[in-house]
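Here is how the chains run, residue by residue.
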Amino acid sequence: MALRWGIVSVGLISSDFTTVLRTLPRSEHQVVAVAARDLSRAEEFARKHDIPKAYGSYEELAKDLNVEVAYIGTQHPQHKPTVLLCLAAGKAVLCEKPMGVNAAEVREMVAEARSRGLFLMEAIWTRFFPAVEALRSVLAQGTLGDLRVIRAEFGKNLTNVPRSIDWAQAGGGLLDLGIYCLQFISMVFGGQKPEKISAVGRHYETGVDDTVSVLLQYPGGVHGSFTCSITAPLSNMVSVSGTKGLAQILSPCWCPTELVVKGEHKEFPLPPAPDKEFNFTNGMGMIYEAKHVRECLQKGLKESPVIPLAESELLADILDEVRKAIGITFPQDKH
Ligand SMILES: NC(=O)C1=CN([C@@H]2O[C@H](COP(=O)(O)OP(=O)(O)OC[C@H]3O[C@@H](n4cnc5c(N)ncnc54)[C@H](OP(=O)(O)O)[C@@H]3O)[C@@H](O)[C@H]2O)C=CC1
Ligand SMILES: O=C1OC[C@@H](O)[C@@H](O)[C@@H]1O
(Lines give C-alpha, C1' and ligand atoms only; values in the text may rest on other atoms or scores of the structure.)
(Ligands and ions follow the chains in the order given, each with its own letter.)
Protein backbone atom coordinates (compact mmCIF):
# COMPACT_ATOMS: atom_id res chain seq x y z
CA MET A 1 0.00 0.00 0.00
CA ALA A 2 1.46 3.36 -0.98
CA LEU A 3 2.21 5.90 1.72
CA ARG A 4 0.33 9.10 0.89
CA TRP A 5 2.38 12.27 1.52
CA GLY A 6 1.26 15.88 1.91
CA ILE A 7 3.93 18.53 1.36
CA VAL A 8 3.71 21.60 3.62
CA SER A 9 5.20 24.67 1.93
CA VAL A 10 6.67 24.92 -1.53
CA GLY A 11 10.18 26.10 -0.81
CA LEU A 12 13.54 24.76 -1.82
CA ILE A 13 13.79 21.69 0.38
CA SER A 14 10.16 20.78 -0.22
CA SER A 15 10.94 20.71 -3.93
CA ASP A 16 13.95 18.46 -3.38
CA PHE A 17 12.06 16.08 -1.10
CA THR A 18 9.14 15.87 -3.51
CA THR A 19 11.51 15.18 -6.40
CA VAL A 20 12.94 12.28 -4.41
CA LEU A 21 9.53 10.87 -3.45
CA ARG A 22 8.57 10.79 -7.10
CA THR A 23 11.56 8.60 -7.96
CA LEU A 24 10.18 5.92 -5.64
CA PRO A 25 7.67 3.25 -6.76
CA ARG A 26 4.12 4.66 -6.79
CA SER A 27 3.09 1.43 -5.10
CA GLU A 28 5.14 2.61 -2.09
CA HIS A 29 5.02 6.44 -2.04
CA GLN A 30 2.61 8.95 -3.54
CA VAL A 31 2.52 12.73 -3.15
CA VAL A 32 -1.19 13.44 -2.99
CA ALA A 33 -1.29 17.09 -1.88
CA VAL A 34 0.75 20.23 -1.42
CA ALA A 35 0.01 23.43 0.49
CA ALA A 36 1.53 26.89 0.52
CA ARG A 37 0.53 30.20 2.04
CA ASP A 38 -0.27 31.28 -1.50
CA LEU A 39 -2.54 29.10 -3.66
CA SER A 40 -0.96 30.11 -6.94
CA ARG A 41 2.46 29.01 -5.72
CA ALA A 42 1.01 25.73 -4.49
CA GLU A 43 -0.64 25.19 -7.88
CA GLU A 44 2.61 25.95 -9.70
CA PHE A 45 4.46 23.48 -7.45
CA ALA A 46 1.72 20.89 -8.03
CA ARG A 47 2.05 21.30 -11.78
CA LYS A 48 5.84 20.96 -11.60
CA HIS A 49 5.63 17.81 -9.51
CA ASP A 50 2.41 16.32 -10.87
CA ILE A 51 0.58 16.50 -7.54
CA PRO A 52 -3.20 16.04 -7.77
CA LYS A 53 -4.23 18.52 -5.05
CA ALA A 54 -2.96 22.03 -4.22
CA TYR A 55 -4.10 24.12 -1.26
CA GLY A 56 -3.64 27.78 -0.41
CA SER A 57 -3.32 27.07 3.30
CA TYR A 58 -1.67 24.47 5.52
CA GLU A 59 -4.98 24.05 7.35
CA GLU A 60 -6.68 22.76 4.22
CA LEU A 61 -3.97 20.17 3.67
CA ALA A 62 -4.19 19.07 7.29
CA LYS A 63 -7.91 18.43 6.79
CA ASP A 64 -7.33 16.35 3.67
CA LEU A 65 -8.23 12.79 4.71
CA ASN A 66 -6.21 11.41 1.82
CA VAL A 67 -2.97 12.67 3.40
CA GLU A 68 -1.39 10.13 5.78
CA VAL A 69 1.93 11.81 6.52
CA ALA A 70 2.86 15.49 6.33
CA TYR A 71 6.34 16.62 5.33
CA ILE A 72 7.11 20.00 6.94
CA GLY A 73 9.44 22.06 4.76
CA THR A 74 8.81 25.52 6.18
CA GLN A 75 11.52 27.64 7.76
CA HIS A 76 12.58 26.97 11.35
CA PRO A 77 10.06 29.16 13.29
CA GLN A 78 7.11 27.75 11.38
CA HIS A 79 7.97 24.13 12.13
CA LYS A 80 6.19 24.03 15.50
CA PRO A 81 2.86 25.55 14.44
CA THR A 82 2.66 23.42 11.33
CA VAL A 83 3.67 20.23 13.13
CA LEU A 84 1.04 20.86 15.82
CA LEU A 85 -1.56 21.64 13.13
CA CYS A 86 -0.90 18.37 11.31
CA LEU A 87 -0.77 16.30 14.51
CA ALA A 88 -4.10 17.78 15.59
CA ALA A 89 -5.52 16.60 12.28
CA GLY A 90 -4.26 13.08 12.95
CA LYS A 91 -1.34 13.09 10.54
CA ALA A 92 2.02 11.41 10.96
CA VAL A 93 4.73 14.06 10.60
CA LEU A 94 8.24 14.26 9.19
CA CYS A 95 9.55 17.72 10.13
CA GLU A 96 12.64 19.31 8.68
CA LYS A 97 15.58 20.02 10.96
CA PRO A 98 15.81 21.67 13.36
CA MET A 99 12.40 20.47 14.49
CA GLY A 100 12.12 23.34 16.92
CA VAL A 101 13.85 26.66 17.52
CA ASN A 102 14.45 25.58 21.12
CA ALA A 103 13.94 22.62 23.44
CA ALA A 104 10.62 23.90 24.75
CA GLU A 105 9.22 23.85 21.22
CA VAL A 106 10.53 20.34 20.59
CA ARG A 107 9.08 19.05 23.85
CA GLU A 108 5.70 20.57 23.03
CA MET A 109 5.62 18.78 19.68
CA VAL A 110 6.85 15.51 21.17
CA ALA A 111 4.22 15.63 23.91
CA GLU A 112 1.48 16.30 21.36
CA ALA A 113 2.56 13.41 19.14
CA ARG A 114 2.78 11.04 22.10
CA SER A 115 -0.59 12.12 23.51
CA ARG A 116 -2.20 11.45 20.16
CA GLY A 117 -0.27 8.24 19.46
CA LEU A 118 1.06 9.66 16.19
CA PHE A 119 4.40 9.23 14.42
CA LEU A 120 6.76 12.21 14.57
CA MET A 121 10.33 12.37 13.30
CA GLU A 122 12.93 15.11 12.89
CA ALA A 123 14.42 14.92 9.38
CA ILE A 124 18.02 14.34 10.43
CA TRP A 125 18.51 12.71 7.06
CA THR A 126 22.25 12.23 7.62
CA ARG A 127 21.69 9.27 9.91
CA PHE A 128 20.12 7.25 7.11
CA PHE A 129 23.00 7.49 4.64
CA PRO A 130 24.77 4.15 4.06
CA ALA A 131 28.12 5.78 4.91
CA VAL A 132 26.78 6.73 8.35
CA GLU A 133 25.21 3.30 8.83
CA ALA A 134 28.63 1.86 8.02
CA LEU A 135 30.21 4.13 10.63
CA ARG A 136 27.72 2.88 13.23
CA SER A 137 28.66 -0.68 12.29
CA VAL A 138 32.40 0.06 12.60
CA LEU A 139 31.81 1.53 16.05
CA ALA A 140 29.64 -1.40 17.13
CA GLN A 141 32.38 -3.84 16.10
CA GLY A 142 34.95 -2.00 18.23
CA THR A 143 37.18 -1.44 15.20
CA LEU A 144 38.47 1.84 16.62
CA GLY A 145 39.08 0.44 20.09
CA ASP A 146 38.15 2.58 23.07
CA LEU A 147 36.81 5.92 21.82
CA ARG A 148 38.57 9.08 22.83
CA VAL A 149 37.36 12.06 20.75
CA ILE A 150 35.06 13.03 17.88
CA ARG A 151 35.39 16.24 15.94
CA ALA A 152 32.99 17.72 13.39
CA GLU A 153 32.98 20.85 11.27
CA PHE A 154 30.33 22.38 9.04
CA GLY A 155 30.88 25.84 7.58
CA LYS A 156 29.84 27.50 4.35
CA ASN A 157 29.14 31.07 3.37
CA LEU A 158 25.38 31.42 3.69
CA THR A 159 25.28 35.21 3.99
CA ASN A 160 23.50 35.31 0.63
CA VAL A 161 20.69 33.07 1.95
CA PRO A 162 18.07 35.35 3.54
CA ARG A 163 16.82 32.87 6.16
CA SER A 164 20.38 32.06 7.28
CA ILE A 165 21.08 35.61 8.47
CA ASP A 166 17.50 36.50 9.51
CA TRP A 167 17.20 36.70 13.31
CA ALA A 168 13.39 36.68 13.05
CA GLN A 169 13.64 33.37 11.21
CA ALA A 170 16.01 31.85 13.79
CA GLY A 171 18.92 32.05 11.41
CA GLY A 172 22.57 31.41 12.16
CA GLY A 173 24.81 28.37 11.97
CA LEU A 174 23.95 26.46 15.14
CA LEU A 175 20.36 25.46 14.34
CA ASP A 176 21.01 25.02 10.64
CA LEU A 177 24.53 23.53 10.40
CA GLY A 178 25.66 22.88 13.96
CA ILE A 179 22.83 20.40 14.49
CA TYR A 180 24.45 18.13 11.89
CA CYS A 181 27.75 18.18 13.78
CA LEU A 182 26.07 17.69 17.13
CA GLN A 183 23.94 14.78 15.95
CA PHE A 184 27.11 12.95 14.87
CA ILE A 185 28.70 13.48 18.28
CA SER A 186 25.54 12.40 20.08
CA MET A 187 25.16 9.36 17.83
CA VAL A 188 28.74 8.21 18.48
CA PHE A 189 28.33 8.67 22.23
CA GLY A 190 25.03 6.80 22.30
CA GLY A 191 22.67 9.67 22.94
CA GLN A 192 24.14 10.30 26.38
CA LYS A 193 23.68 13.66 28.04
CA PRO A 194 26.99 15.57 28.10
CA GLU A 195 28.38 16.30 31.56
CA LYS A 196 29.82 19.67 30.53
CA ILE A 197 29.20 22.02 27.61
CA SER A 198 31.34 25.04 26.75
CA ALA A 199 31.19 27.30 23.71
CA VAL A 200 32.77 30.34 22.20
CA GLY A 201 31.62 32.21 19.14
CA ARG A 202 30.92 35.42 17.32
CA HIS A 203 27.68 37.06 16.25
CA TYR A 204 26.83 38.06 12.72
CA GLU A 205 25.74 41.67 12.19
CA THR A 206 22.07 40.66 12.13
CA GLY A 207 22.28 39.11 15.62
CA VAL A 208 22.44 35.44 14.63
CA ASP A 209 25.41 33.22 15.38
CA ASP A 210 28.20 33.54 12.83
CA THR A 211 30.94 31.08 13.82
CA VAL A 212 30.75 28.93 16.95
CA SER A 213 32.99 26.27 18.50
CA VAL A 214 31.59 23.89 21.08
CA LEU A 215 33.29 21.46 23.47
CA LEU A 216 31.26 18.62 24.97
CA GLN A 217 32.47 16.37 27.79
CA TYR A 218 30.73 13.02 28.00
CA PRO A 219 30.75 10.36 30.73
CA GLY A 220 33.80 8.09 30.75
CA GLY A 221 36.36 10.77 29.99
CA VAL A 222 35.50 11.11 26.31
CA HIS A 223 34.66 14.32 24.52
CA GLY A 224 33.51 15.81 21.27
CA SER A 225 33.92 19.18 19.65
CA PHE A 226 32.44 20.96 16.68
CA THR A 227 32.64 24.23 14.81
CA CYS A 228 29.93 25.66 12.58
CA SER A 229 29.97 28.82 10.52
CA ILE A 230 27.73 30.70 8.10
CA THR A 231 30.60 32.91 6.90
CA ALA A 232 33.71 30.73 6.77
CA PRO A 233 34.23 27.52 4.81
CA LEU A 234 35.32 24.61 7.01
CA SER A 235 36.42 21.05 6.27
CA ASN A 236 32.83 19.74 6.56
CA MET A 237 34.25 16.46 7.76
CA VAL A 238 33.78 14.32 10.87
CA SER A 239 36.54 12.32 12.56
CA VAL A 240 36.08 9.67 15.24
CA SER A 241 39.23 8.58 17.05
CA GLY A 242 39.82 5.64 19.36
CA THR A 243 42.77 3.72 20.77
CA LYS A 244 42.93 1.45 17.71
CA GLY A 245 42.42 3.96 14.94
CA LEU A 246 40.57 6.76 13.20
CA ALA A 247 37.42 6.84 11.09
CA GLN A 248 36.42 9.83 8.96
CA ILE A 249 33.22 10.84 7.26
CA LEU A 250 34.40 12.94 4.35
CA SER A 251 32.85 16.15 3.09
CA PRO A 252 29.95 16.76 2.63
CA CYS A 253 29.55 15.23 6.09
CA TRP A 254 25.86 16.15 6.34
CA CYS A 255 25.01 14.07 3.27
CA PRO A 256 28.07 11.81 2.94
CA THR A 257 29.01 9.13 0.45
CA GLU A 258 32.55 8.39 1.65
CA LEU A 259 33.86 6.80 4.85
CA VAL A 260 37.54 6.19 5.62
CA VAL A 261 38.30 3.61 8.32
CA LYS A 262 41.92 3.26 9.45
CA GLY A 263 43.05 4.47 6.04
CA GLU A 264 40.67 2.24 4.04
CA HIS A 265 38.42 4.34 1.77
CA LYS A 266 34.85 3.14 1.25
CA GLU A 267 32.38 4.74 -1.14
CA PHE A 268 28.58 4.63 -0.93
CA PRO A 269 27.28 6.25 -4.12
CA LEU A 270 23.84 7.84 -4.16
CA PRO A 271 21.07 6.17 -6.16
CA PRO A 272 21.09 7.43 -9.76
CA ALA A 273 18.92 10.48 -10.37
CA PRO A 274 19.09 11.07 -14.10
CA ASP A 275 17.79 14.49 -15.21
CA LYS A 276 16.69 15.35 -11.64
CA GLU A 277 17.52 18.83 -10.37
CA PHE A 278 18.11 19.57 -6.69
CA ASN A 279 18.54 22.81 -4.78
CA PHE A 280 20.83 21.26 -2.20
CA THR A 281 23.87 19.00 -2.18
CA ASN A 282 23.22 15.27 -2.63
CA GLY A 283 19.47 15.83 -2.53
CA MET A 284 18.86 12.28 -3.75
CA GLY A 285 20.08 11.20 -0.32
CA MET A 286 16.68 12.10 1.14
CA ILE A 287 15.49 8.84 -0.36
CA TYR A 288 16.88 7.00 2.65
CA GLU A 289 14.85 8.91 5.25
CA ALA A 290 11.72 8.68 3.09
CA LYS A 291 12.03 4.89 2.94
CA HIS A 292 12.68 4.81 6.69
CA VAL A 293 9.50 6.72 7.47
CA ARG A 294 7.44 4.23 5.47
CA GLU A 295 9.15 1.30 7.20
CA CYS A 296 8.39 2.85 10.61
CA LEU A 297 4.73 3.40 9.76
CA GLN A 298 4.37 -0.11 8.35
CA LYS A 299 5.64 -1.43 11.69
CA GLY A 300 3.26 0.79 13.61
CA LEU A 301 6.10 2.74 15.19
CA LYS A 302 5.39 6.20 16.66
CA GLU A 303 8.99 7.38 16.38
CA SER A 304 12.18 6.44 14.57
CA PRO A 305 14.63 4.14 16.36
CA VAL A 306 17.42 5.90 14.45
CA ILE A 307 16.51 9.46 15.41
CA PRO A 308 14.25 8.94 18.46
CA LEU A 309 12.23 11.83 19.86
CA ALA A 310 14.31 11.80 23.05
CA GLU A 311 17.34 12.44 20.82
CA SER A 312 15.61 15.40 19.18
CA GLU A 313 14.91 16.75 22.66
CA LEU A 314 18.54 16.20 23.73
CA LEU A 315 19.95 17.91 20.64
CA ALA A 316 17.65 20.86 21.28
CA ASP A 317 18.67 21.01 24.96
CA ILE A 318 22.34 21.16 24.01
CA LEU A 319 21.80 23.78 21.31
CA ASP A 320 19.83 25.86 23.85
CA GLU A 321 22.78 25.72 26.25
CA VAL A 322 25.22 26.66 23.51
CA ARG A 323 23.10 29.61 22.38
CA LYS A 324 22.82 30.75 26.00
CA ALA A 325 26.61 30.45 26.45
CA ILE A 326 27.29 32.71 23.47
CA GLY A 327 24.40 35.12 24.06
CA ILE A 328 22.04 34.28 21.21
CA THR A 329 18.33 34.49 22.01
CA PHE A 330 15.33 34.22 19.72
CA PRO A 331 11.79 35.52 20.26
CA GLN A 332 10.70 31.94 20.96
CA ASP A 333 13.06 31.81 23.98
CA LYS A 334 11.04 34.41 25.84
CA HIS A 335 7.87 32.29 26.13
N1 LIG B 1 17.66 18.33 4.98
C2 LIG B 1 18.30 19.22 4.23
O3 LIG B 1 19.24 18.91 3.52
C4 LIG B 1 17.83 20.63 4.23
C5 LIG B 1 16.95 21.06 5.18
N6 LIG B 1 16.51 22.33 5.16
C7 LIG B 1 15.57 22.78 6.20
O8 LIG B 1 14.34 23.01 5.55
C9 LIG B 1 13.73 24.18 6.04
C10 LIG B 1 13.38 25.08 4.87
O11 LIG B 1 14.57 25.49 4.22
P12 LIG B 1 14.46 26.08 2.72
O13 LIG B 1 13.72 25.12 1.87
O14 LIG B 1 15.80 26.52 2.32
O15 LIG B 1 13.53 27.35 3.01
P16 LIG B 1 12.84 28.39 1.98
O17 LIG B 1 13.53 29.69 2.10
O18 LIG B 1 12.69 27.74 0.66
O19 LIG B 1 11.39 28.58 2.68
C20 LIG B 1 10.57 27.44 2.86
C21 LIG B 1 9.15 27.91 3.05
O22 LIG B 1 9.05 28.61 4.26
C23 LIG B 1 7.97 29.56 4.15
N24 LIG B 1 8.48 30.88 4.52
C25 LIG B 1 9.50 31.51 3.95
N26 LIG B 1 9.71 32.70 4.55
C27 LIG B 1 8.80 32.79 5.54
C28 LIG B 1 8.51 33.76 6.53
N29 LIG B 1 9.23 34.87 6.62
N30 LIG B 1 7.51 33.53 7.38
C31 LIG B 1 6.79 32.40 7.27
N32 LIG B 1 7.03 31.43 6.36
C33 LIG B 1 8.03 31.63 5.51
C34 LIG B 1 7.48 29.54 2.72
O35 LIG B 1 6.35 28.72 2.74
P36 LIG B 1 5.20 28.80 1.62
O37 LIG B 1 5.72 27.96 0.52
O38 LIG B 1 3.98 28.24 2.26
O39 LIG B 1 5.06 30.25 1.27
C40 LIG B 1 8.66 28.90 2.00
O41 LIG B 1 8.33 28.25 0.82
C42 LIG B 1 14.67 24.79 7.06
O43 LIG B 1 14.17 24.56 8.36
C44 LIG B 1 15.99 24.06 6.84
O45 LIG B 1 16.66 23.78 8.07
C46 LIG B 1 16.88 23.21 4.18
C47 LIG B 1 17.78 22.81 3.21
C48 LIG B 1 18.37 21.51 3.19
O1 LIG C 1 20.25 21.47 6.01
C2 LIG C 1 20.77 22.13 5.14
O3 LIG C 1 21.79 21.65 4.33
C4 LIG C 1 23.01 22.37 4.32
C5 LIG C 1 22.79 23.87 4.20
O6 LIG C 1 22.40 24.19 2.88
C7 LIG C 1 21.72 24.37 5.17
O8 LIG C 1 21.45 25.73 4.97
C9 LIG C 1 20.47 23.58 4.97
O10 LIG C 1 19.46 23.99 5.89
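Just so it is clear, the structure is predicted and the values come from calculations on it, not from any experiment. (Residues numbered from 1 in each chain as written. Chains lettered and ligands numbered in written order. Predicted model: local features only at pLDDT ≥ 70, side-chain atom pairs only at ≥ 80, totals over all residues. Heavy atoms only, no water.)

(A) The arrangement of the packing of aromatic side chains in detail. What the rule picks out here adds up to eight aromatic pairs. Aromatic side chains Phe-17 and Tyr-71 sit 4.1 Å apart centroid to centroid with 10 degrees between the ring planes, which places their arrangement in the stacked category. Note that Phe-17 is positioned in helix α1 (residues 12–21) and Tyr-71 in strand β4 (residues 69–72), a separation of 54 residues in sequence. Overall, the relative accessible area of 0% leaves Phe-17 in the buried class. One aromatic cluster in this structure is built from Trp-5, Phe-17 and Tyr-71. (Phe/Tyr/Trp six-rings, centres within 6.5 Å; stacked < 30°, edge-to-face > 60°. Helix = DSSP H or I, 4+ residues; strand = E, 2+ residues; numbered from the N terminus. Buried < 20%, exposed > 50% of the residue type's maximum accessible area, 1.4 Å probe, protein only.)

(B) Highlighting the sheet that holds strand β11 (residues 238–242). Strands sit in the order β8-β9-β10-β7-β11-β12-β13-β14 across an open sheet of eight strands; the sheet is mixed. In this open sheet, the two strands that pair with only one neighbour each are β8 (196–203) and β14 (264–267). Ignoring which end each strand starts from, the neighbouring axes of this sheet average 10 degrees apart. Pairing of strand β13 (residues 258–261) with β14, which is carried by four bridges, proceeds in the antiparallel orientation. Pairing of Glu-258 across the sheet is with Glu-267, part of β14. Those strands touched by helix α6 (residues 130–140) are β7 (147–155), β11, β12 (245–249) and β13, and its axis lies near 20 degrees from that of β13. In the packing of helix α10 (residues 309–326) onto the sheet, contacts are made with β8 and β9 (209–218), and the angle to β8 comes to roughly 55 degrees. (Pairing = 2+ DSSP bridges. Axes fitted to C-alpha atoms, helices over the stretch in contact; angles between N-to-C directions. Contact = heavy atoms within 4.5 Å.)

(C) Layout of the site of ligand 2. With respect to spatial proximity, the complete set of residues near ligand 2 consists of Lys-97, Phe-154, Lys-156, Leu-158, Arg-163, Asp-176, Leu-177, Tyr-180, Trp-254 and Phe-280. Between an oxygen atom of ligand 2 and a side-chain N or O atom of Lys-97, the distance comes to 2.9 Å. Between ligand 2 and Arg-163, the relevant distance is 3.0 Å, taken from an oxygen atom to a side-chain nitrogen or oxygen of the residue. In isolation ligand 2 has 270 Å² of accessible area, and contact with the protein removes 90% of it. Of all the cavities here, the one that holds ligand 2 is the largest pocket. Top element by residues in the shell around ligand 2 is helix α8 (residues 173–188). It accounts for three residues. Tallied by class, the residues present in the shell around ligand 2 amount to six nonpolar, no polar and four charged. (Near = heavy atom within 4 Å. Polar contact = N/O pair within 3.5 Å; in protein donor to acceptor, adjacent residues only side chain to side chain. Areas by Shrake-Rupley, 256 points an atom, 1.4 Å probe, with all protein chains shown as cover. 1 Å grid on protein atoms, 1.4 Å probe; cavity = no way out; pocket = protein on both sides within 12 Å on 5 of 7 lines; lining within 4 Å. Sits in = over half its atoms within 2 Å of the grid points. Nonpolar A, V, L, I, M, F, W, Y, C, P; charged D, E, K, R; others polar.)

(D) Here's a closer look at the site of ligand 1. Around ligand 1 there are 24 residues in total, and Val-10, Ile-13, Tyr-58, His-76 and Lys-97 lie nearest to it. Here Leu-12 contributes a backbone N or O atom positioned 2.9 Å from an oxygen atom of ligand 1. With respect to ligand 1, the side chain of His-79 contributes an N or O atom lying 3.1 Å from an oxygen atom. Burial of ligand 1 by the protein amounts to 85% of the accessible area it has alone, namely 900 Å². Placement of ligand 1 is best described as lying within the largest pocket. Put simply, the parts of the chain that give the shell around ligand 1 at least two residues each are α1, α4 (76–88) and α8. Within the shell around ligand 1, the residues separate by chemical class into nine nonpolar, nine polar and six charged. The residue makeup of the shell around ligand 1 includes at least three contributed by each of domain 1 (3–122) and domain 2 (130–267). (Domains from an automatic or database assignment.)

(E) Examining the pattern of salt bridges more closely. For the structure shown, the criterion picks out twelve salt bridges. Notably, a salt bridge pairs Arg-4 with Glu-68, separated by 3.6 Å at the nearest N-O pair. In this pair, Arg-4 sits in strand β1 (residues 3–8) while Glu-68 sits in the loop between α3 (58–63) and β4, placing the two residues 64 residues apart along the sequence. Judged by relative accessible area, Arg-4 falls into the buried class, the value being 19%. Arg-202 is paired through a salt bridge with Asp-210; the nearest N and O atoms lie 3.5 Å apart. Taken together, the salt bridges that share partners define one network made up of Lys-97, Arg-163 and Asp-176. (Salt bridge = Lys/Arg side-chain N within 4 Å of Asp/Glu carboxyl O.)

(F) Representation of the UniProt feature "domain: Gfo/Idh/MocA-like oxidoreductase N-terminal" (unreviewed entry) in the protein in the model. Mapped onto this numbering, the UniProt entry annotates "domain: Gfo/Idh/MocA-like oxidoreductase N-terminal" (unreviewed entry) at residues 3–121. Secondary structure within residues 3–121 divides into 45% helix and 22% strand; the distance between the first and last C-alpha atoms comes to 16 Å. (UniProt positions renumbered as here; feature names shortened; annotations may be inferred.)

(G) Here's a closer look at empty space enclosed by the protein. Tallied over the entire structure, the rule returns one cavity of 30 Å³ or more. Here the largest cavity defines a volume of roughly 70 Å³. Lining the largest cavity are 16 residues; nearest its centre among them are Pro-98, Gly-100, Leu-315, Ala-316 and Leu-319. Secondary structure elements with two or more residues in the lining of the largest cavity: α5 (103–116), α8 and α10. Split by residue class, the lining of the largest cavity holds ten nonpolar, three polar and three charged. (Points joined across faces, edges and corners; volume = space filled by probe spheres on them.)

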